[in-house]
Every structure is written in C-alpha cells, then in structure tokens.
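# Examining the three-dimensional arrangement
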Amino acid sequence: MNIEQLGFYVAMAGIIAFATSAVLAVAERRVDLFSAMVLGVITAVGGGTVRDVVMAQPVFWAEDLSYVWVAIAASVATFFGYRLFARRLIFRVFLYVDALAAAMFAIQATDNAWDLGFGLPLAPVILGVTTSIGGGLIRDVLVQRPTLLMSRELYAIPVLAGCILYTLVLAFVPEHRTLGALVCLAITFGLRAAVIHWDLRVPDWATMGHGRE
Amino acid sequence: MNIEQLGFYVAMAGIIAFATSAVLAVAERRVDLFSAMVLGVITAVGGGTVRDVVMAQPVFWAEDLSYVWVAIAASVATFFGYRLFARRLIFRVFLYVDALAAAMFAIQATDNAWDLGFGLPLAPVILGVTTSIGGGLIRDVLVQRPTLLMSRELYAIPVLAGCILYTLVLAFVPEHRTLGALVCLAITFGLRAAVIHWDLRVPDWATMGHGRE
Amino acid sequence: MNIEQLGFYVAMAGIIAFATSAVLAVAERRVDLFSAMVLGVITAVGGGTVRDVVMAQPVFWAEDLSYVWVAIAASVATFFGYRLFARRLIFRVFLYVDALAAAMFAIQATDNAWDLGFGLPLAPVILGVTTSIGGGLIRDVLVQRPTLLMSRELYAIPVLAGCILYTLVLAFVPEHRTLGALVCLAITFGLRAAVIHWDLRVPDWATMGHGRE
C-alpha cells in the first residue's frame, strides 16, 4: 500500500466519522432515515463542497462518488445501529477518528489551495478550516442546534493552529513539504486528542466580556 | 402549444407555488413586503441556484429572468391577498401545484445533471432532490423555523423515489427517456398527492431510536 | 489621492464596520476569539462571496487579501476593546459607517453586475442587495439570532431603493454613470441615516396580516 492509497483509506475513515457523528448528533430528534442520510452526507462533504465552490474548482465528490456512497452507508448504519455508540468506548474511538479526519481534511485543503496559488498566504488557512468545520456548521444550522461557533468546544482552534503551521512550512521550508504535512497533521491531531482526553474547554477568561460587565 | 412551452408554463406555475407557499409560511410572523419578496424568491429559485453552483453551470434565473419576476409577483400577490388562502379549498389546490412543481423540478434537474455526465449515477439524484427542497431549507433557516429535515412531513421521500427511478430509466432504458420522465413525474406527484390526500406522516417506528430507549 | 484610492479606503472602512458590528452583535454570547474572528470575517466578506459565486466570478477577497486581513484585525480589536462601544457616541458613529459601507457595497455590486451583463436589468439589483445584507444573514443564521428578514429594522429597504435607482441610471442615462453612482450612494446612505437618526421602523400597517385577523 503506497502513501496515496493510505490517504484514500484515511479519508474514507474520516467521511465515516463525520457522517456518523452527524447522525448521532440528531439521534434524540427522532429523525427519519431520509433526514439522517441527508444530514450525514452534508456533514461529510459539505465543508469540502464550500471550499471547492469558493475556489471555483469542480466539487470533489462528483469526481469520485466513493465519498458520497460511504457517507450514505455510514449514515444508514448509524441510523440502525446507533445504540452501539451508547457504549462509551466506541463513542470515544469515534471522537478520535473524527479528530484525525478533521486534521487530515484541513491539511489537505491547505495544501491544495497553496498549489493552486489561491489567495496566498491567508486563503489556504481559511479554506483548511472551512473544509474541516463547514459541514458541521451547515448540519447544525439545518437542525437548529447551537453551532460550534457558539460553544466552548475546542474543535476548530487545533485545526486553525495546524493550518497556520503548515502554511508557514509551505512558505519557508517548501523542500520539507511531505514531512511538514505529516508533522502538522500530528500536531493538529495531538492538540485535538488532548482536548478530548482531558475534556478541555475554552476557559471563561478567554471569552468576550469576561470580568468586564 | 408544444412540449417545451408546456414545460415552461408548468415551471412558472411551480415558481408561483414555491413563492406563495414561502410567503404563507411566514404569514403569522408579521414580515414586511421586502422580507416577503426575498423569502419568496429564495424559496422559488434557491434550490436550483445551489444545483447550478455545485455543477459550475451559469445560474438558470440569470439567463431567463422570468423565474425571478414571476416569483416576485407571486410573493407580492400573496403578501396582499393571503387571506384567500385561509379558504381551505384554495390552500389545498396550492399544495397539489407545489407537489407537481417539486416533482417536475426534481426530474428536470436529474435529467440535466445526467446529460452533463455529472457524477453519474449518484449525483443526478442528489441534485434532483436538492433542486426540489433546497429553496425551502434556506427559507426555513432564514426564518428560524424547523426545517423539513426535522419534521415528519413526507415531502422529500417521494421526490427521492422519483429521482432514483428516473436515474434507473436513464441508465437502463435510455431509449424511453421521454416516456420515462413522464412516468417518473407521475409517480413522484402521485406519491406526494397521496401523502397530501391522506395526510400521511412518517410513522413512529420509522424514526431513529423508536422502541429502543 | 484619486477616486480609486478613495474607493479603496471607503471599502476598508466598510469592512471594519461590518466586522465590528458582527462581533458586537455576539458580545453577550461569550464567544471566544476564534468565533469572533470567523463571524467578523464572514459578515464582512460573506455577501460579496455569495455574489461572486452566483456570478461565477473569482471571489474578490482571494485576489486582494486586504479585505480579510482588515476584517480579522477589526474583529480582534472589537473582541478586546468592545467596551468602547458601550459609549453611545462611538456606537452611533459606527452605525453610520456601517450604513455608508452597505450603500457603497450595494452600488458597487450593481455596477459590477451590470458591466458583466449579468441578468439585466433585474439581477444587478438582486446582487447589490445580496452583497449588502448577505454576510449579516449568514452571521445571524450561524449564531441563531433572528435575521434581518424577521425584524422591523429598515436596513435593506434603503439599499434596495438605491440599487433600483442606480439600475435606472445605467439603463436610461448611462452617460451620467459616475454622477449617478454618487447620487444613488448619497440617497441610499441618506435614507439609512434618516432611519438611524429618527429610529424609524417598519410600521404595523405595512406588515403582513395587519388589521385582518
């Protein structure tokens, strides 16, 4: 198995994690199978779709439908088998897979935007974060849950850190691109894993208006 | 009147139905005329706009502004004349026109995406459903109503069934394309009409988590 | 300083106004810095992004990152310094800068769409309004505040009036384009300034359903 194949399998694991987490997020809302599939697919491919549209690139899932098929399959499986996730262990494993997927999609999107010379050096960072969290934002808006932006969850900040770091690699040490990508991926995932492991949240003093009212 | 002209008139009736239903949906919210027009237009052309953007096609309403003019006119008329719809009969007629429009836009979009060879065979189905329900989703999000995805209304499932069926026609019996389109249109509309007539809803047992908690 | 440079500085002032108002709008929600930046940037460049995507043009901020840098800086400054805005005077000054920005972005977008011959004569008006209010709509949806469309605030109607007027200038007296743009800008800003100064709102009788229930 070469590096490209590995990337493909990790991406598919990521799609599964995104779609599964989407369906779990609406589990108490008594949605039907159709809604579960729509929300699963939108969460899995929504961020990347916004990225492609903004960059005026062909949307990635139309060129390789595996992304959508896998998202549909994961959504259906979660719809029927979601009780499994009540088991704390499996749920936690999924959190880590989701973190890996978010990190990987972000670094990949940053890399891709950089190659296209799209709005360097800032736009690749923006598109990396968009790819990571865009699908989840659309899902939350569609089901009227508070979005990530309103929560204290430290989800996007590790991703932002990783994308900025990788942009610095691309700008200053482009000859170490592959190594840099792997290191940034590891750092992004590591930060997010630490957040999950120690259940870290944005502290009060770091929010707007703390101690001033 | 040839078949193309017929299609145009049915499309305009559909635009009217979508815009009117949008304005009726916010009738109790005391919106002003500007908001009514914006919501009417977005509901009428929003789904198709998302479809065109995803397929990187020119947006359909910029090439023929009739769609927008008709949506504006229908929104204004509904704003001033909405009491008419308090009459049960007229309201029900509109439900059926809306169902016909949803079916037609879906089949048309599936057909169009297929012709463009866009992500066959799955993407045409996705774009058919998107065209049908996208505008309504955007409207509900903008006015903070629960979206279709959170309701038990059987709106999108007939549309999905019709798009899948029509994709099978295009894949396996392309020589009967026109007949197939009409049959799929009839089936989609028929399913939705049955839903309206008998006031069918997604049963409890078909929702996530039923009987398992 | 020539007219183009002036336009650039006014645009930057507008971006600051949009980003600042976005962060102020979520001040009581205890958002963190990341969310403040995301909401500030989306509000500042969101409307123009939707416009560019619909017109299939390259998104404007990727070609000149100043827009995003300035939006980020304004968001960060507002996050830390928002107590300043508790002072009524400064807050009111910002309302007027925001009004000027909304007017300018709208007229500019109308002008741009007209030049591209995009869906004349209606689409330039639609895109002018979209550019002005689109970013704010996306922000409100992401933080689950009632959108402009649901409020009695007279924000979009002056913009709509200005865009329609400017379209008439472009259609009937194109030889007075520059003068026309300045006059329409002044009228749009003037109307909005009057709304702010006298705290005007959509009256009851102009909303749907008034006096009929």
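Residues numbered from 1 in each chain as written. Chains lettered and ligands numbered in written order. Predicted model: local features only at pLDDT ≥ 70, side-chain atom pairs only at ≥ 80, totals over all residues.

## Focus: the relation of the copies chain B and chain A
Relating the two copies of this chain is a rotation about some axis coupled with a shift parallel to it. At an RMSD of 0.0 Å, chain B and chain A line up after a rotation of 120° and a shift of 0.0 Å along the axis. Within this description, the copies of the chain are treated as partners about a three-fold rotation axis. (Least-squares fit on C-alpha atoms with pLDDT ≥ 70 in both.)

## Here's the deal with the interface of chain A and chain C
Between chain A and chain C, the contact holds 22 residues from the first and 28 residues from the second. Those elements that place two or more of their residues in the side of chain A that touches chain C are α2 (33-54), α6 (122-142) and α7 (156-172) of chain A. A per-element tally of the side of chain A that touches chain C places α6(A) first, with 4 residues. Split by residue class, the side of chain A that touches chain C holds 17 nonpolar, 4 polar and 1 charged. (Contact = placed C-beta atoms within 7 Å. Helix = DSSP H or I, 4+ residues; strand = E, 2+ residues; numbered from the N terminus. Nonpolar A, V, L, I, M, F, W, Y, C, P; charged D, E, K, R; others polar.)

## Considering the interface of chain B and chain A
Often the size quoted for an interface is simply the accessible area lost on bringing the parts together. With 22 residues of chain B at the contact, the number on the chain A side is 27 residues. Breaking the side of chain B that touches chain A down by element, the ones donating at least two residues are α2 (33-54), α6 (122-142) and α7 (156-172) of chain B. With 4 residues, α6(B) is the largest single contributor of residues to the side of chain B that touches chain A. Residues that form the side of chain B that touches chain A fall into these classes: 17 nonpolar, 4 polar and 1 charged.

## Re the packing of α2(B) against α6(B)
Residues and elements named next belong to chain B. At their nearest, the axes of α2 and α6 sit 7 Å apart, and the two run at 135° to each other. For the element pair α2 / α6, the angle class is oblique. Crossing geometry of α2 relative to α6 is assigned as right-handed. Counting all contacts with α2, which are made through L39, I42, T43, A44, V45, G46, G47, G48, V50, R51 and V54, the residues of α6 involved are L127, T130, T131, S132, I133, G134, G135, G136, I138, R139 and L142. Counted by class, the contact of α2 with α6 contains 10 nonpolar, 10 polar and 2 charged residues. (Axes fitted to C-alpha atoms, helices over the stretch in contact; angles between N-to-C directions. Parallel < 35°, antiparallel > 145°, perpendicular 65-115°, else oblique. Left-handed = near helix turned anticlockwise from the far one by under 90°.)

## Overview of the relation of the copies chain A and chain C
Between the two copies, chain A and chain C, the superposition gives an RMSD of 0.0 Å; the rotation angle is 120° and the shift along the axis is 0.0 Å. Comparing contact sets, just 9% of the residues at the interface of chain A also lie at the interface in chain C, consistent with a heterologous contact between different surfaces.

## Some thoughts on helix α8 (residues 177-197) of chain C
All names here are of chain C. Taking 1.5 Å per residue, 21 residues should reach 30 Å; α8 reaches 29 Å between its end C-alpha atoms and fits that length. Every buried residue belonging to α8 is among G180, C184, T188, F189, L191 and R192, and all of these are buried. Down the axis of α8, the buried set is contained in an arc of 155°. They therefore lie on one face. Counted as exposed and oriented over 90 degrees from the buried face of α8: T178, L179 and H197. Looking at the buried side of α8, the elements it contacts are α5 (88-115) and α7 (156-172). Positive phi shows up at D199, right after α8, with a value of about 50°. (Expected span 1.5 Å × (residues − 1). Buried ≥ 20, exposed ≤ 12 C-beta atoms within 10 Å, placed from the backbone. Arc of directions from axis to C-beta.)

## Things to note about α6(B)
Three- or four-residue spacings in an α-helix give side chains the same orientation, since the helix completes a turn every 3.6 residues. All names here are of chain B. Taking 1.5 Å per residue, 21 residues should reach 30 Å; α6 reaches 29 Å between its end C-alpha atoms and fits that length. The axis of α6 is deflected most strongly, by about 45°, at I133. Counting buried residues in α6 gives 19 out of 21 residues, a clear majority hidden from the surface. Directly after α6, the chain includes Q144, whose backbone phi takes a positive value near 55°. (Bend = angle between axes of the 7 residues up to and from the residue.)

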